[in-house]
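As a plain string of letters, each chain reads:
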Amino acid sequence: MKEILFTGKIQIYSYDEQIPTKMKCDVLQELDTLTIKLINSTDVFSFYICTISSDDFYILKREQDLIVDYHKFIEIVIKLFHKIQNNLLFAYFVDLKFMFVEKNEFRNIIKLELKFKEPSDIDYKSYLGDVISRLETDNIKLIKENNLLKDYNNNTLHRKLRNLEENQNIHISKLNNLNKQNEEYKYKIEKMTNEIKSLNNQVYELEKENIKLKVDKEKSNKLQEEYLEIKNINENIRKDLETANEIIKKIRTENLDYKNKLEEIENNIKNRQNEIERYEKNMEEIKKKNKNLEEKLKKYVKDNKEYKIKVKDLENEKTNLVRKLENAQSVFNHFSNNREIRDKYSSDSISGYSIQPEEKPE
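All figures in this text were calculated on a predicted structure; none of them were measured in a lab.

A. Seen up close, the pattern of salt bridges. With the rule as written, the count across this model stands at four salt bridges. Here Glu113 and Lys97 are joined by a salt bridge, their closest N and O atoms 3.8 Å apart. Of the two residues, Glu113 is situated in strand E7 (residues 108-115) and Lys97 in strand E6 (residues 97-103); the sequence distance between them amounts to 16 residues. Exposure remark for Glu113: the relative accessible area of 21% places this residue in the partly exposed category. As a salt-bridge pair, Arg238 and Glu242 come within 2.9 Å of each other at their nearest N and O atoms. Linking Arg238 with Glu242, this pair stays in helix H3 (residues 121-335), spanning four residues, or about one helical turn.

Spelled out as structure tokens, the structure:
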């Protein structure tokens with residue numbers, strides 16, 4: 001028995017203009033044979049067929065390097081046709097070769113390639129037999145469904161008529177009741193209109209009173225606003241007084257501190273004045289001592305100057321004497337022939353003499 005695995009229209013791309021862009025695809029399985037038909041939707045007798053048995057599959061597996069078995073292959077083929085329907089893959093039909101193509105940015109990848117052929121007389125006969133058997137089964141189903149619908153419609157019509165008659169009687173009774181209620185409502189409405197008129201008069205009077213009350217309310221609001229303003233002013237004044245009192249308290253405490261500090265300063269000034277008087281007395285005594293010392297220094301300076309003058313005079317005398325001795329030595333050396341005398345009275349011995357002033361007696 002043939003089992004339909006896939007049926008539906010798919011988009012096909014081909015360079016041949018005779019091949020339509022959309023074709024119906026039927027995938028059938030009978031025992032170990034998979035049959036794929038591409039049928040022209042405008043011409044039912046124009047179709048292409050591909051049959052793959054379990055033996056044919058091994059040839060296809062070797063040619064296209066497939067790595068699945070026959071049953072898994074059938075499942076994958078059905079998934080590929082569904083992807084074509086969902087525009088995830090593209091179907092190309094060129095030279096009776098059906099290709100499942102995946103497009104990307106780099107290149108087109110052929111997932112699977114199936115070889116189709118034009119149908120023979122036997123294929124046409126089997127195809128027509130399938131079509132007739134399908135039509136017969138569909139016709140039988142339609143006849144059964146039609147009979148069921150007729151029975152259902154007859155039963156439902158009788159029920160609906162009964163329900164409508166019952167509903168009509170109910171509605172008539174409801175209408176009578178509504179008419180009675182309508183008359184009662186009319187009477188009530190007349191009463192209500194009279195009451196409304198009286199209420200309108202009352203409303204008019206109340207509106208007048210309301211206007212007066214609004215005027216009084218506005219006056220009271222103004223008075224309340226003035227009261228609130230005065231209250232705010234009083235609060236501000238009270239706050240200012242509180243701050244002023246706090247400032248006065250601070251000033252008083254500061255004044256007390258300043259008074260205490262002034263007293264301390266006055267006491268310090270008195271103590272300093274007493275100390276200054278003491279220092280002045282000491283300074284006078286020191287000045288007197290300094291005067292005596294200055295007088296002594298002046299005397300010492302004078303004596304020192306006189307001493308320096310004497311030293312200079314003596315040094316001058318020394319230099320003169322040294323010159324005279326050198327001259328005398330040279331004369332002596334010139335006239336003396338005795339070496340011993342020359343050694344005794346040499347220039348070195350003469351230079352050993354030093355003429356210096358005597359030390360100042362203490």
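B. Structural context of the UniProt feature "domain: Spindle assembly abnormal protein 6 N-terminal" (unreviewed entry) in the protein. Here the UniProt feature "domain: Spindle assembly abnormal protein 6 N-terminal" (unreviewed entry) sits at residues 21-116. A distance of 17 Å separates the end C-alpha atoms of residues 21-116, which is 28% helix and 46% strand.

C. Representation of the sheet that holds strand E5 (residues 90-94) in the model. With mixed pairing, the seven strands of this open sheet are ordered in space as E4-E3-E2-E1-E5-E6-E7. Of all strands in the sheet, those bounded by a partner on one side alone are strand E4 (47-53) and E7. Going across the sheet, the axis of each strand differs from the next one's by a mean of 30 degrees, ignoring polarity. Here E5 runs beside E6; their pairing, made up of five bridges, is antiparallel. Paired with Ala91 across the two strands is Phe100, which belongs to E6.

Rules of the game
Counting starts from 1 at the beginning of each chain's written sequence and moves along it residue by residue. Confidence filtering applies because this is a predicted model: local features only for residues at pLDDT of at least 70, side-chain atom pairs given and counted only at 80 or more, and all residues used for totals across whole chains, interfaces and linings. Only hydrogens and water are set aside; all other atoms, that is, all heavy atoms of the structure, feed into the side-chain values. In what follows, salt bridge is the name for a side-chain nitrogen of Lys or Arg lying within 4 Å of a carboxyl oxygen of Asp or Glu. By the criteria applied, helices consist of DSSP H or I runs no shorter than four residues and strands consist of E runs no shorter than two, each listed in order from the N terminus. Whether a residue is buried, partly exposed or exposed follows from its accessible area with a 1.4 Å probe, protein chains only, as a fraction of its type maximum: under 20%, in between, or over 50%, in that order. UniProt positions are given in the numbering used here, feature names are shortened, and annotations may be inferred rather than shown by experiment. Paired strands, as defined in this entry, are two strands with at least two bridges between them according to DSSP. Orientation is described by lines fitted to C-alpha atoms, with helices fitted over the stretch in contact, and by angles between N-to-C directions that extend from 0 to 180 degrees.

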